[in-house]
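Analysis of the macromolecular model
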Amino acid sequence: MPGKVKLGVNIDHIATLRNARGEHHPSVLRAAQLVEECDGDGITVHLREDRRHIKDKDVFEIKKRVKLPLNFECAATDEMLEVALEVLPASCCLVPEKRAELTTEGGLNVIKNFKVLKEFSREILRKNIAPSFFIDADIEQLNASKEAGAKIVEFHTGSYCNKKGREQKSELEKIRRACLEAEKLGIICHAGHGLNYDTIPAIVKIPQIMELNIGHFIVGEAVFEGLENVIKKMKKLMVR
C-alpha cells in the first residue's frame, strides 16, 4: 500500500524527565502540542497504575487541548476503564503491566485474559473508543484478539529491534505473517516498541501496517537533534 505510514508519538518519557525533579518542566502538554505542530499523526500516553510518568492530569489536558487523536495505553483494570470512559480517547491500547518492569516486556496474553479483555472492549466500544491490543506476532493471540473485540492490534516489535542478522529477519517474517492474518480478520495493524531510524524502513514495507507508535527513541534522540527534527526525520523514513 503506497503513501505514508502514520506516526503516533509516545510522550511518556517527557513526563519521566519532568518527574525527575518533581516540578513542571518539561511540559508534557507542550510536547504534545509540538507533535501536532510537526504534523505528527497522533499522541500516545501510557497511564500506569503506579503513575511513574504520565499523570491523570496530563491525559485530560492533552485530550482537551490537542486535536490529534489520543491513543490511551493502559492495563485492563476497573480503574483504567473509568478513566478511559471519562477521557474518551480515539483508541485505548490494552497492554500488560508489571510493577517491577522498566518497560513493557512483551505482548498481552489475550488467551489467558480473554474474559477481562472482552468485557473491557465491550465497555469502551459503547463510547466509540476503538479497542487496541498490544500483542506479539502470534497467530493464536491474534485470533483471540479478534474474538475479544479488538479493532486494532499493535504488534510488539521489541524482539525484531533487539536482534541482528538472520534472527532479526526471522522476527520480521513473523510480523509480516501476522499482519497478513490480521488483514484477513479485518483488524487494523499498528506496530511499536524499540523502533528507531535503522529498524523503521523494513517495518514500513509491510503493507498492512498503518501506524507506528514510537516514544523512547524519539525522546532520547531529541536531546541531540531536537524533538521537531526527530519527528520530521521519522516521517520521511515512513514513506513506503
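Residues numbered from 1 in each chain as written. Predicted model: local features only at pLDDT ≥ 70, side-chain atom pairs only at ≥ 80, totals over all residues. Heavy atoms only, no water.

**Quick notes on helix 8 (residues 165–185)**
In this model, helix 8 (21 residues) spans 31 Å end to end at C-alpha, consistent with the 30 Å of a helix rising 1.5 Å per residue. Every buried residue belonging to helix 8 is among Gln168, Glu171, Leu172, Ile175, Ala178, Cys179 and Ala182, and all of these are buried. Here the buried residues of helix 8 occupy an arc of 125° about the axis, which is enough to place them on one side. Exposed and facing more than 90 degrees away from the buried side of helix 8 are Arg166, Lys169 and Lys184. Tucked inside the fold, the buried residues of helix 8 contact helix 6 (139–148), strand 6 (152–156), helix 7 (158–162), strand 7 (188–192), helix 9 (200–204) and strand 8 (209–214). Once helix 8 finishes, Gly186 follows within two positions and takes phi at roughly 80°, a positive value. (Helix = DSSP H or I, 4+ residues; strand = E, 2+ residues; numbered from the N terminus. Expected span 1.5 Å × (residues − 1). Buried < 20%, exposed > 50% of the residue type's maximum accessible area, 1.4 Å probe, protein only. Arc of directions from axis to C-beta. Contact = heavy atoms within 4.5 Å.)

**Side note on the packing of helix 10 (residues 216–225) against helix 11 (residues 227–237)**
As a packed pair, helix 10 and helix 11 sit with axes 7 Å apart at the nearest point and diverge in direction by 125°. Looking at the two axes, helix 10 sits oblique to helix 11. Where helix 10 crosses over helix 11, the handedness of that crossing is right-handed. Listed contacts from helix 11 to Phe217, Ile218, Glu221, Ala222 and Glu225 of helix 10 are Leu227, Asn229, Val230, Ile231, Lys233 and Met234. Residue classes in the contact of helix 10 with helix 11 are distributed as seven nonpolar, one polar and three charged. (Axes fitted to C-alpha atoms, helices over the stretch in contact; angles between N-to-C directions. Parallel < 35°, antiparallel > 145°, perpendicular 65-115°, else oblique. Left-handed = near helix turned anticlockwise from the far one by under 90°. Nonpolar A, V, L, I, M, F, W, Y, C, P; charged D, E, K, R; others polar.)

**A word on the pattern of salt bridges**
Overall, the coordinates contain 13 salt bridges when judged by the stated rule. In this structure, Lys232 engages Glu228 in a salt bridge whose closest nitrogen and oxygen atoms are separated by 2.8 Å. Of this pair, Lys232 and Glu228 both sit in helix 11, four residues apart, roughly one helical turn. Overall, Glu228 belongs to the partly exposed group, its relative accessible area being 36%. Taken together, the shared-partner salt bridges in this structure form one network comprising Arg51, Asp56 and Glu79. (Salt bridge = Lys/Arg side-chain N within 4 Å of Asp/Glu carboxyl O.)

**Section: the packing of aromatic side chains**
When we look at a pair of aromatic rings, we describe it by the centre distance and by the angle of the planes. Overall, the coordinates contain one aromatic pair when judged by the stated rule. The lysine or arginine in question, Lys233, covers the ring of Tyr197, its NZ or CZ lying 4.2 Å from the ring centre. (Phe/Tyr/Trp six-rings, centres within 6.5 Å; stacked < 30°, edge-to-face > 60°. Lys NZ or Arg CZ within 6 Å of the ring centre and 35° of its normal.)

**Details of the packing of helix 2 (residues 28–37) against helix 3 (residues 56–65)**
In the contact formed by helix 2 and helix 3, the axes pass within 10 Å of each other and the chain directions differ by 35°. Note that helix 2 runs across helix 3; the crossing there is right-handed. Between helix 2, through Val28, Leu29, Ala32 and Gln33, and helix 3, the contact on the second element is made entirely by Asp58, Glu61, Ile62 and Arg65. Here the contact of helix 2 with helix 3 is composed, by residue class, of four nonpolar, one polar and three charged.

**Regarding the environment of Met234**
Topologically, Met234 is positioned in helix 11. On the accessibility criterion, Met234 (0% relative accessible area) is buried. Considering only alpha carbons, one finds Met234 and Thr16, 218 residues apart in sequence, at a separation of 22 Å. Among all residues touching Met234, those that are not within four sequence positions of it are Leu7, Asn196, Tyr197, Ile200, Ile214, Phe217 and Ile218.

**A look at the pairing of strand 5 (residues 130–135)**
The element strand 5 is extensively covered by neighbouring structure, given that five of its six residues are classed as buried. Here strand 4 (residues 91–94) runs beside strand 5; their pairing, made up of four bridges, is parallel. The residue bridging Leu94 from the neighbouring strand is Phe133, located in strand 5. Bridge analysis of strand 5 against strand 6 gives four bridges, and the strand direction is parallel. Bridging across to strand 6, Phe133 finds its partner in Val153. In this fold, strand 5 hands off to helix 6, which returns the chain to strand 6; that crossover is right-handed. (Pairing = 2+ DSSP bridges. Right-handed = clockwise from strand over helix to strand, strands pointing away.)

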